[in-house]
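# Structural characterization, general
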Amino acid sequence: MSIYGHNIWLIKNYMQYLFAFFKSTSMKPTNIKDPEYLHKVVDCQYACPAHTPVPEYIRLIAEKKYTEAYMINWDSNVFPGILGRTCDRPCEPACRRGRLEEEPVAICRLKRVAADHKGEVKHLMPQVPLVKNGKKIALIGGGPASLTVARDLAPLGYEIDLYDEWSGGGGMMRTQIPSFRLPIEVLEEEVNYILDMGITTHFNHFVDSMKDMLTKGYDAIFVGTGAPKGRNLNIPGRVEADAHVHIGIEWLAGVAFEHIKSVGKKVIVLGGGNTAMDCCRTSKRIGAEVVNVVVRSPFKNMKASPWEIEDALREDIIIQNNMPPKEFIMEDGKLKGVLFSKVRAEYDKNGKRSLVPTGEPDVLIEADEVIIAIGQDNSFPWIEKDIGLELGKWDLPVLNKTTYQSTLPQVFFGGDAAFGPENVITAVAQAHQAAISIDLYLSGKDLVKDRPSPYVNLVSQKMGIHEWMYDSQVVDDIRYQVPHEEKTKSLADRKVEVELGFDEIAGFKEAQRCLNCDAQTIFTANRCIECDACMDVCPTRCISFVPNGEEEDLRQRLSAPADNLTQDLYVSETLATQRVMVKDEDVCLHCGLCAERCPTAAWDMQMFFYNVTKAHTGCETVTV
Amino acid sequence: MSYTKPSFSHPALPRNKVGYLKRDYEGAISTLCAGCGHDSISATIVQACYELNIEPHHLAKLSGIGCSSKTPTYFMSNSHGFNSVHGRMPSIATGANMANKNLIYLGVSGDGDTASIGMGQFVHVIRRNLNMTYIVMNNGCYGLTKGQDSATADFGSVSKSGGGESTPFQAIDLVGMAMELNASFVARSFSGDKTQLLPLLKAAMSHQGFAFIDVISPCVTFNNNTGSTKAYDYVRDHIDVLGSLDFIPKEDEIKVDYDQGTEKVITLFDDTKISLSKLAQDWDPTDKYSARDKLVQSKKDGHILTGLLYIDPTSKDLHQILNTVDTPLNQLQETDLYPGDDVLEVINQGFR
Ligand SMILES: Cc1cc2nc3c(=O)[nH]c(=O)nc-3n(C[C@H](O)[C@H](O)[C@H](O)COP(=O)(O)OP(=O)(O)OC[C@H]3O[C@@H](n4cnc5c(N)ncnc54)[C@H](O)[C@@H]3O)c2cc1C
Ligand SMILES: Cc1ncc(C[n+]2csc(CCOP(=O)(O)OP(=O)(O)O)c2C)c(N)n1
Ligand code: SF4
Ligand code: SF4
Ligand code: SF4
Ligand code: SF4
Ligand SMILES: [Mg+2]
């Protein structure tokens, strides 16, 4: 291209380009071949600890292919029916739709739709070989972490022994999560898919010595024992009141196994997390009439998920904030109640919170029983200090963060036992990685260098000139609400599930709200004639053609300011006019209009599939 | 194929001073060929109206026939509109403007619609100095009827529908013609250069009198081939810019001191200003003869001269020429128009 003579317009652009170039580092062209770039565009999947291919299963639900949708989930998160009811859903706050309107897609409850409406799935699951590979593995603890390791390794021919102190598998999913949120049948179904893979179970067996376990001839040991110790609260009167005071997680386990069948009429639950929510709602179902949840901190700082708080409030639970407990008050050898002081939250200039007494008089809340739900800790009294397995800060094991290997090479950790209490989906995600490590370790491979890359695939969606293989229309519907069981009915029986789940029609409508963020906009710079059509048509002003520059500067020169720094800019190679195409990924609707309006197919919509490789799927890798 | 645009817009984009989002200025999804230059012009019209804080119902968009004349469907859905017969947009615009001078009139036409069938109408609307903006989306062909050469196709230019034959006739230069006919605002631009087109459009829409913008707008389907002088690549390679224009609304002060030699500030009738930084020598946009010389020279050099070529900021539009009343004619009531029996009697007496 000539830059001579009167060609001032070009010179102008060229000078801007040169200026930008010399002034600083202009942005480099985005490497679209890097699967992690495209993965990040699929916000929900990226945020899911197990990287479940969310939009893929949502599309399958819209097509009524519930079984296939279930299996996509099952491969990634192992417990779709359980998680579709109980997941902490880190995907939802990340969902793109939430940046465009009030509410994200109901990703979690759609997972349940797949589980509720699926057909026969067992034959689709990996088969366990009759001839074993000769290696033996012990899993300590029977929660989601251990079960995931079992599922990933059993199909490879490992012989697996699972130990748990309780009478059935599932860990805290069985002992803690109440049946009104997770019916026992749903739990058993998904736990049994795994136990039926020829796992040898040792239930009612508390492992009290790691030293012993090491002598039992296991080639590897996985520790998935969770964070089983509930925190106590040592304030005056605690010892005297002991008969009326319970530790939340122990109490919930007692209810689950029906050692505890009732509770007093007036109950106080101390704490503001999800355990507190489960305790108060359980109390309401086994005899309590007035339940006060009393929290030290302000309402907005409560750790419980918003939807759990909402459900509790709907059941007439009273939540009182800014009240730290001071003393258990006894009267005539019986508990009278708990004395609370009053505080308010103050923040220093770094935003650090302190709770300052307001000077108001203390408040006595009456109670027959008190449940303490203020957190859990890890606890490994059964791991001897002299066996070479190092425990570090907070008594947590010293682990390699990628491989989950401990300082004893044949011992691996995962789930709450690894880095402290999290949730089911995190336990599953970590366990997938631990399973890969165990397989590599027992195959004599390097645990880091030989880790399999994710399976990725990118397929053009072009069907006709302007036809796409996916449903590119964007619907305006607001989030559908999941119907609930009648309150009187669900409060009368702790085993009656509160949420009823979407029916097929609501499930379809909610599925249509998904923007298909995995339908990626792929740009080929040398095809672009810079006609601006894509930029003009884009409803959310994602696309710009501008002289390159430093990221910070570029972000302010686009069709709309790109202020969400967590979202990447997709930058092209330099175009004929010396400008670059810049696409802000932030609020792209994946509507395909840019590609429909492009005369040269410089834009294409390509379906991106990304799946974390599991031990049992081996190391298939397809390069883009 | 999408037939509707998603209703979401960028959440951070602000409303303008009259309370509208940019989306409120958009129209239906375009059915023009993907990549058609006309769509870029529509997008620039949307941007200009949004930035000028025009209330959509205060604008009337008028057009003739052609792909270009279809574009009013694709912008300003909430404005008044009229698709006239081929080449007859100027008469409709004149009628509408005479009836209601309070609306902003935006005429959209093509090179076929203007330089062939509508030529007679075009020259007279210039002559009348009708207060309107007249855009020709100039692609050198009849896009809608499959790309036959139009009267603005350059001599020697090759189009797809010409079967490899080059144009044997000399082109009509609408810009030169408009200047010859004393149009009070004359500009040329390129659909692929929004940075230039946007302030030009804003200035044109704020100008009192006839404002003409010839926008070269490639037809991707029939006239974007090598050998065509209206193709994206050819235009980008041969474009020549008179100066860059800044549109300054009346409430904004001109902040920077400007250099008398290269900068020129022109105040429009409503106190908005346009500031020009001139790139060309020996040219003054308020001096028609210097503008014409520039045009002739660049044509000789084989360049496409763009920018604001000429403006007469003091021009009198048709209503001023005819000395019409302040109230728009369509709002005059019988009481305003009928002077009463006694006045009539006096008039009649005069004839006796
Ligand atoms: C009240 C409550 C509600 C919760 N609700 C949710 C929810 O809705 N959604 C969610 O995602 N997460 C929830 N969680 C968290 C979730 O249950 C855990 O993060 C998850 O179960 C951890 O899985 P894991 O496999 O690491 O361990 P666990 O599920 O804790 O399983 C470990 C098992 O090992 C057993 N064990 C421990 N030590 C030994 C030993 N030495 N020998 C033999 N067995 C042993 C334990 O008894 C337990 O059965 C909740 C937690 C609590 C306390
Ligand atoms: C009276 C009449 N004569 C002829 C036609 C056929 N016709 C339709 S559009 C057109 C030319 C349009 O060319 P132009 O104005 O340049 O528009 P473009 O499609 O190129 O944007 C012609 C000749 C017509 N519609 N009406
Ligand atoms: S819109 Fe769909 S694909 Fe996009 S983040 Fe939300 S759930 Fe995931
Ligand atoms: S798919 Fe293309 S047109 Fe649609 S929002 Fe994303 S960038 Fe814009
Ligand atoms: S529509 Fe296609 S050719 Fe036109 S600017 Fe966009 S990417 Fe380039
Ligand atoms: S035929 Fe030409 S002018 Fe008409 S829409 Fe297609 S590209 Fe545009
Ligand atoms: Mg034309």
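### Section: the side chain of A:D586
All names here are of chain A. Here D586 shows up in the loop between strand 22 (580–584) and helix 23 (593–597). A distance of 3.0 Å separates polar atoms of two side chains, one belonging to D586 and the other to N564. Beyond its immediate sequence surroundings of up to four residues, D586 is in contact with R96, R99, N564 and Q567.

### Concerning the interface of chain B and chain A
Note on interface size: it is often stated as the accessible area lost on association of the parts. Across the boundary between the two partners, chain B contributes 38 residues, which contact 41 residues of chain A. Summing both sides of the interface, chain B and chain A together bury roughly 3400 Å²; the carbon and sulfur share of this comes to 54%. In terms of surface lost to chain A, no three residues of chain B exceed B:M1, B:F8 and B:R236, which account for 22% of the buried area on that side. Seen at the junction of chain B and chain A, the total is four salt bridges. Residue B:K194 is joined to A:D536 by a salt bridge in which the shortest nitrogen-to-oxygen separation is 2.8 Å. Seen at the junction of chain B and chain A, the total is 16 residue pairs in polar contact (both at pLDDT 80 or more). Sorting the residues of the side of chain B that touches chain A by element identifies helix 1 (37–51), helix 8 (232–238) and strand 9 (239–241) of chain B as the ones contributing at least two each. Looking at the side of chain B that touches chain A residue by residue, the class counts come to 16 nonpolar, eleven polar and eleven charged.

### Here's the deal with the site of ligand 5
The local shell around ligand 5 holds 14 residues, among which A:C528, A:C531, A:D532, A:C534 and A:C598 are the closest. Across the shell around ligand 5, the residue classes tally to eleven nonpolar, one polar and two charged.

### A look at the sheet that holds strand 18 (residues 455–460) of chain A
Residue and element names in this part refer to chain A. Ordered in space as 18-23-19, the three strands form an open sheet in which the pairing is antiparallel. Edge positions in the sheet fall to strand 18 and strand 19 (519–523), since each of these pairs with one other strand and no more. Pairwise comparison of adjacent strand axes, ignoring direction, gives a mean angle of 35° for this sheet. Across five bridges, strand 19 lies against strand 23 (residues 603–611) in antiparallel orientation. Bridge pairing links Q520 to Q606 in strand 23.

### Considering the pattern of salt bridges
All names here are of chain A. Taken as a whole, this structure holds 60 salt bridges over all chains when the rule is applied. The salt bridge partner of D316 is K487, with a shortest N-O separation of 3.0 Å. Pair noted here: D316 is in the loop between helix 16 (306–314) and strand 9 (318–320) and K487 is in helix 19 (residues 487–492), with a separation of 171 residues, a long-range link. Judged by relative accessible area, D316 falls into the partly exposed class, the value being 45%. One connected set of salt bridges, linked through shared partners, spans R281, R285, E310, D311, R314 and E315.

### Description of the site of ligand 4
Surrounding ligand 4, one finds 14 residues, the nearest of these being A:C538, A:C588, A:L589, A:C591 and A:C594. For the shell around ligand 4, the per-class residue count stands at nine nonpolar, four polar and one charged.

### Describing the sheet that holds strand 4 (residues 220–223) of chain A
Residue and element names in this part refer to chain A. Across the sheet, five strands lie side by side as 3-2-1-4-17; this open sheet has parallel pairing. With one partner strand each, in any of the chains shown, strand 3 (200–202) and strand 17 (411–413) form the two edges of the open sheet. Going from strand to strand, the sheet's axes swing by 20° on average, the running direction of each strand aside. The pairing of strand 4 with strand 17 spans three bridges and is parallel.

### A closer look at the nonpolar core
Within the largest apolar cluster, 75 residues are counted, with the highest numbers of intra-cluster contacts made by A:F79, A:M210 and A:F413. Those residues in contact with A:M210 that lie beyond four places of it in its chain are A:I140, A:I221, A:V223, A:W382, A:I383, A:E384, A:I387, A:L389 and A:V411. Residues B:C49, B:M76, B:L295 and B:I311 belong to the second largest nonpolar core, which totals 71 residues.

### A short note on the coordination of the magnesium ion (ligand 7)
Residue and element names in this part refer to chain B. Only D111 (OD), N139 (OD1) and C141 (O) from the protein reach the magnesium ion (ligand 7) as donors, at distances of 2.1 to 2.2 Å. Going along the chain, you hit the donors of the magnesium ion (ligand 7) in the pattern D-x27-N-x1-C. The exposure classification of N139 matches that of C141, with both residues buried.

### Describing the packing of helix 9 (residues 107–117) of chain A against helix 20 (residues 504–512) of chain A
Residues and elements named next belong to chain A. Helix 20 packs onto helix 9 with a crossing angle of 140° between their chain directions and a minimal axis gap of 10 Å. On the basis of the axis angle, helix 9 is oblique to helix 20. Like other packed secondary-structure pairs, helix 9 and helix 20 cross with a definite hand, here left-handed. Of helix 20, the residues touching helix 9 (which contributes L110, V113 and H117) are E504, G507, E510 and A511.

### Regarding the confidence of the model for chain B
Predicted confidence across chain B gives a mean pLDDT of 93, with 97% of residues reaching 70 or more. We note a pTM of 0.89 for the whole complex and an ipTM of 0.86 for its interfaces.

### As for the domain arrangement of chain A
Residue and element names in this part refer to chain A. Domains assigned within chain A are domain 1 (126–228 + 378–442) and domain 2 (230–375). Of note, the centres of domain 1 and domain 2, computed from C-alpha atoms alone, are 32 Å apart. Buried area between domain 1 and domain 2, both sides added, is near 970 Å², and the carbon and sulfur share of it is 60%. Area buried by domain 1 at its contact with domain 2 is led by Q176, F180 and R181, which between them contribute 53% of it. The interface formed by domain 1 and domain 2 includes two salt bridges. Here D278 and R181 are joined by a salt bridge, their closest N and O atoms 2.6 Å apart. Inspection of the domain 1/domain 2 interface yields four residue pairs in polar contact (both at pLDDT 80 or more). Tallied by class, residues from the side of domain 1 that touches domain 2 come to six nonpolar, three polar and two charged.

### Description of unusual backbone geometry
All names here are of chain A. A positive phi angle, near 65°, is found at K64, a position not held by glycine. Considering the arrangement of structural elements, one finds K64 in the loop between helix 4 (54–62) and helix 5 (66–77). Here N204, not a glycine, exhibits a phi torsion of approximately 50°, which is positive. Residue position: N204 is located in the loop between strand 3 and helix 13 (210–214).

### Thoughts on the packing of aromatic side chains
Evaluated as defined, the whole model comprises 18 aromatic pairs over all chains. Judged by centre distance (5.7 Å) and plane angle (50°), the ring pair of B:Y134 and B:F210 falls under tilted. Highlighted residues: B:Y134 in strand 4 (residues 132–138) and B:F210 in strand 8 (residues 210–216), separated in sequence by 76 residues. This pair shows no difference in class: B:Y134 is buried, exactly as B:F210 is. Counting every residue linked through ring pairs, the aromatic cluster contains A:Y37, A:F523, A:Y570 and A:W603.

Cut-off values and rules
- Residues numbered from 1 in each chain as written.
- Chains lettered and ligands numbered in written order.
- Predicted model: local features only at pLDDT ≥ 70, side-chain atom pairs only at ≥ 80, totals over all residues.
- Heavy atoms only, no water.
- Helix = DSSP H or I, 4+ residues; strand = E, 2+ residues; numbered from the N terminus.
- Polar contact = N/O pair within 3.5 Å; in protein donor to acceptor, adjacent residues only side chain to side chain.
- Contact = heavy atoms within 4.5 Å.
- Buried area = accessible area lost by both parts, 1.4 Å probe.
- Salt bridge = Lys/Arg side-chain N within 4 Å of Asp/Glu carboxyl O.
- Nonpolar A, V, L, I, M, F, W, Y, C, P; charged D, E, K, R; others polar.
- Near = heavy atom within 4 Å.
- Pairing = 2+ DSSP bridges.
- Axes fitted to C-alpha atoms, helices over the stretch in contact; angles between N-to-C directions.
- Buried < 20%, exposed > 50% of the residue type's maximum accessible area, 1.4 Å probe, protein only.
- Core = buried A, V, L, I, M, F, W, Y, C linked by side-chain atoms within 4.5 Å.
- Donors = N, O, S within 2.8 Å, 3.2 Å for Na, K, Ca; no water.
- Parallel < 35°, antiparallel > 145°, perpendicular 65-115°, else oblique.
- Left-handed = near helix turned anticlockwise from the far one by under 90°.
- pLDDT = per-residue confidence, 0-100.
- Domains from an automatic or database assignment.
- Phe/Tyr/Trp six-rings, centres within 6.5 Å; stacked < 30°, edge-to-face > 60°.

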